[in-house]
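Given next are the chains, with one letter for each unit.
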Amino acid sequence: MKVVNIGMDVGSTTVKAVVMDNKNNLLYNEYRRHFSNTKKTIEELFNEIIEKFPNYNYTLTMTGSGAIALAKFLNVNFVQEVIACKNAINEYAKETDVCIELGGEDAKIIYFDQTIEQRMNGSCAGGTGSFLDQMAVLLNTTTEGLNDLAKEGKTIYPIASRCGVFAKADVQPLLNEGAKKEDIALSIMQAVVNQTISGLACGKPIKGNVIFLGGPLTYLSALRDRFISTLNLKENEV
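The paragraphs below set out a description of the structure included in this document. (Residues numbered from 1 in each chain as written. Predicted model: local features only at pLDDT ≥ 70, side-chain atom pairs only at ≥ 80, totals over all residues. Heavy atoms only, no water.)

**A word on the packing of aromatic side chains**
Right, on to step 1. Under the definition given, this model contains 3 aromatic pairs.
Right, on to step 2. With a centroid separation of 5.8 Å and 90° between ring planes, the pair formed by F53 and Y56 is classed as edge-to-face.
Right, on to step 3. A relative accessible area of 9% places F53 in the buried class.
Right, on to step 4. Ring centres 5.7 Å apart and planes at 50° place the aromatic pair F212 and F227 in the tilted group. Pair noted here: F212 is in strand β9 (residues 210-213) and F227 is in helix α9 (residues 221-230), with a separation of 15 residues, a long-range link.
Right, on to step 5. Of the residues examined, F212 reaches a relative accessible area of 11% and is grouped as buried.
Right, on to step 6. Overall, the relative accessible area of 0% leaves F227 in the buried class. (Phe/Tyr/Trp six-rings, centres within 6.5 Å; stacked < 30°, edge-to-face > 60°. Buried < 20%, exposed > 50% of the residue type's maximum accessible area, 1.4 Å probe, protein only. Helix = DSSP H or I, 4+ residues; strand = E, 2+ residues; numbered from the N terminus.)

What follows is the structure in structure tokens.
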């Protein structure tokens, strides 16, 4: 019987799944928000995979903050998410010098040097996907809408990104004073960049070949652009 390998990442806001054959060819992938109902979302994904690949044997490896207990319950392999990220980069992007990953409620920087240095934010979700969700609601839009607004922004205002409450205290007066939503959206993207660099890099240079990972950096082009501009990266370094 043929075998396919399933990888599943259960994060704070989304579930990601991939199916690969034994030669690491990608056969299926899915990225889906779970809206705090991880059990239902995982069940739906498993059912879809079984439907697409009937009469197969499966291997399953899980990662992500929401998969620790589930992997133990299912008695399947679990890989800590920073290690999974590092292993993937070593396999698929060996030229990487620095990895920046933003998730729903966490942020990571991995330096690939003589030794691999991994940094991850603590208990605060400032400057992550959930922070961007909060800011989008404040501007009466979605994260996709926030991205579209930021593309048209020209002026950057100082906005705190360490905490959504502090950021709201900066954004609300700007709205009251009639600042353009496009400029506020751009400022929010820059705030995320500042939080990542100051909170995780802590003065250590981010240079060389930089890889961007995670939902916010995958789907929000304006956020990527702010990182690229702030870090002064050349096109061939991204």
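Next comes the rest of the account.
**Concerning the pattern of salt bridges**
Right, on to step 1. In total, this model carries 11 salt bridges according to the counting rule given.
Right, on to step 2. In this structure, R32 engages E44 in a salt bridge whose closest nitrogen and oxygen atoms are separated by 3.8 Å. Here E44 lies in helix α1 (residues 38-52) and R32 lies in strand β3 (residues 26-33), a separation of 12 residues in the sequence.
Right, on to step 3. Judged by relative accessible area, which is 32%, E44 ranks as partly exposed.
Right, on to step 4. Residue K204 is joined to E117 by a salt bridge in which the shortest nitrogen-to-oxygen separation is 2.6 Å. You can see K204 sitting in the loop between α7 (181-201) and β9 and its partner E117 sitting in strand β8 (residues 116-120), a full 87 residues away along the chain.
Right, on to step 5. By relative accessible area, E117 is classed as partly exposed at 26%.
Right, on to step 6. Residues participating in the shared-partner salt-bridge network are E30, R32, E44 and E48. (Salt bridge = Lys/Arg side-chain N within 4 Å of Asp/Glu carboxyl O.)

**A short note on the sheet that holds strand β1 (residues 3-10)**
Right, on to step 1. Strand order in the open sheet formed by 5 strands is β3-β2-β1-β4-β5, and the pairing between neighbours is mixed. Both outer strands of the open sheet, β3 and β5 (77-78), are each paired with one neighbouring strand and no more.
Right, on to step 2. As paired strands, β1 and strand β2 (residues 14-20) are joined by 6 bridges and run antiparallel to one another. If you follow G7 over to β2, its bridge partner there is V18. (Pairing = 2+ DSSP bridges.)

The values reported here are purely geometric and, on their own, carry no functional implication.
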